[in-house]
Amino acid sequence: MTIMHRNNSMETKKRKYNNRKELRFKEAIYLIAIIKGLCITARIFFRNLFKWITKRRGAVTTYYPEEERADRSPYIRGKHYLVQNPDGAPRCVACMMCGTVCPAHCMYIEAAEVSADPDIQKGPKRFDIDLSLCIMCGFCVEACPVDAIRMSDNVKTVGYTRKDLYVDMNHLLTWNPHREPFFTDVLRNDFQERVEKE
Ligand code: SF4
Ligand code: SF4
């Protein structure tokens, strides 16, 4: 009996905690909320109008895609591309770091033994990104240990269907081609320079 009583009192406490506050009549008709929203819209409208009349920045409408903002940050995160080795193969070593860290789970990578270089154990057999799911966070670029994936300043990731936004390895390698030295050579040179300095 005592146990039941304790359980009931716990449930009541829980229910009270989870219950939403009941709306009063003036809150339930949302009139005040609507007026507040209109006030914000009007304030921003008149602020922008004032800036436009006085020829200040901030009230400019950009007619995208015919026009583009001139003050866009150079660090903008746009469409991805894969860096190529001097022989045209992807620099990626299929370590899966990017796919693991990707919060949107939109990277599909399959590894295979693709290089004769003994320093490179594997490479990507498949490297696809579903840009319709990507949130352009840049985590994949940050996570890559060999600087094999980068993001360009191209923000026009558009398509007529979802399929158009699904890009494969060939597309990622060739739409914005970048050939760089083998990463192993870069590391060897860095190491050599450090040894020479010491
Ligand atoms: S930018 Fe972010 S969401 Fe897009 S593929 Fe890279 S890690 Fe995933
Ligand atoms: S792009 Fe970089 S992080 Fe992603 S699998 Fe290739 S080497 Fe690893």
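The rules we used
- Residues numbered from 1 in each chain as written.
- Chains lettered and ligands numbered in written order.
- Predicted model: local features only at pLDDT ≥ 70, side-chain atom pairs only at ≥ 80, totals over all residues.
- Near = placed C-beta within 6 Å.
- Nonpolar A, V, L, I, M, F, W, Y, C, P; charged D, E, K, R; others polar.
- Helix = DSSP H or I, 4+ residues; strand = E, 2+ residues; numbered from the N terminus.
- Buried ≥ 20, exposed ≤ 12 C-beta atoms within 10 Å, placed from the backbone.
- Contact = placed C-beta atoms within 7 Å.
- Expected span 1.5 Å × (residues − 1).
- Pairing = 2+ DSSP bridges.

Caption draft 1: Region of the structure containing the site of ligand 1. The environment of ligand 1 is formed by 13 residues, the closest being Cys 102, Ala 104, Cys 134, Cys 137 and Cys 140. Residues of the shell around ligand 1, tallied by class, amount to twelve nonpolar, one polar and no charged.

Caption draft 2: The arrangement of the site of ligand 2 in detail. Lining the immediate surroundings of ligand 2 are 13 residues, of which Cys 92, Cys 95, Met 97, Cys 98 and Cys 144 lie closest. In the shell around ligand 2, the residues fall into 13 nonpolar, no polar and no charged.

Caption draft 3: View of the environment of Met 169. If you trace the backbone, Met 169 turns up in helix H6 (residues 169–174). Take Met 169: there are 20 C-beta atoms within 10 Å of it, and that puts it in the buried class. Along the chain, Met 169 and Lys 125 lie 44 residues apart, while their C-alpha atoms are 8.5 Å from each other. Residues contacting Met 169, with those up to four places away along its chain left out, are Leu 82, Pro 90, Pro 124, Arg 126, Phe 127 and Asp 128.

Caption draft 4: Local environment of helix H3 (residues 31–53). In this model, H3 (23 residues) spans 33 Å end to end at C-alpha, consistent with the 33 Å of a helix rising 1.5 Å per residue. For H3, the buried fraction is low: zero of the 23 residues fall into the buried class. Looking at the residues trailing H3, positive phi occurs at Lys 55, about 55 degrees.

Caption draft 5: Here's a closer look at the sheet that holds strand S3 (residues 123–130). Pairing in this open sheet of three strands is antiparallel, and the strands run S2-S3-S5 from one edge to the other. Of all the strands in the sheet, just strand S2 (107–112) and strand S5 (166–167) have a single pairing partner and so form its edges. Note that S2 and S3 share six bridges and pair antiparallel. Counted as the bridge partner of Ala 111 is Pro 124 from S3.

Caption draft 6: Expanded view of the pairing of S3. Sheet topology note: the S3/S5 ladder contains two bridges and is antiparallel. For Asp 130, the partnering residue across the bridge sits in S5 and is Tyr 166.

Caption draft 7: Structural context of helix H7 (residues 183–197). Here H7 spans 21 Å end to end across 15 residues, near enough to the 21 Å set by a 1.5 Å rise per residue. The buried count for H7 comes to zero of 15 residues, which makes it a mostly uncovered element.

Keep in mind that these numbers describe shape and distance, not what the molecule does.
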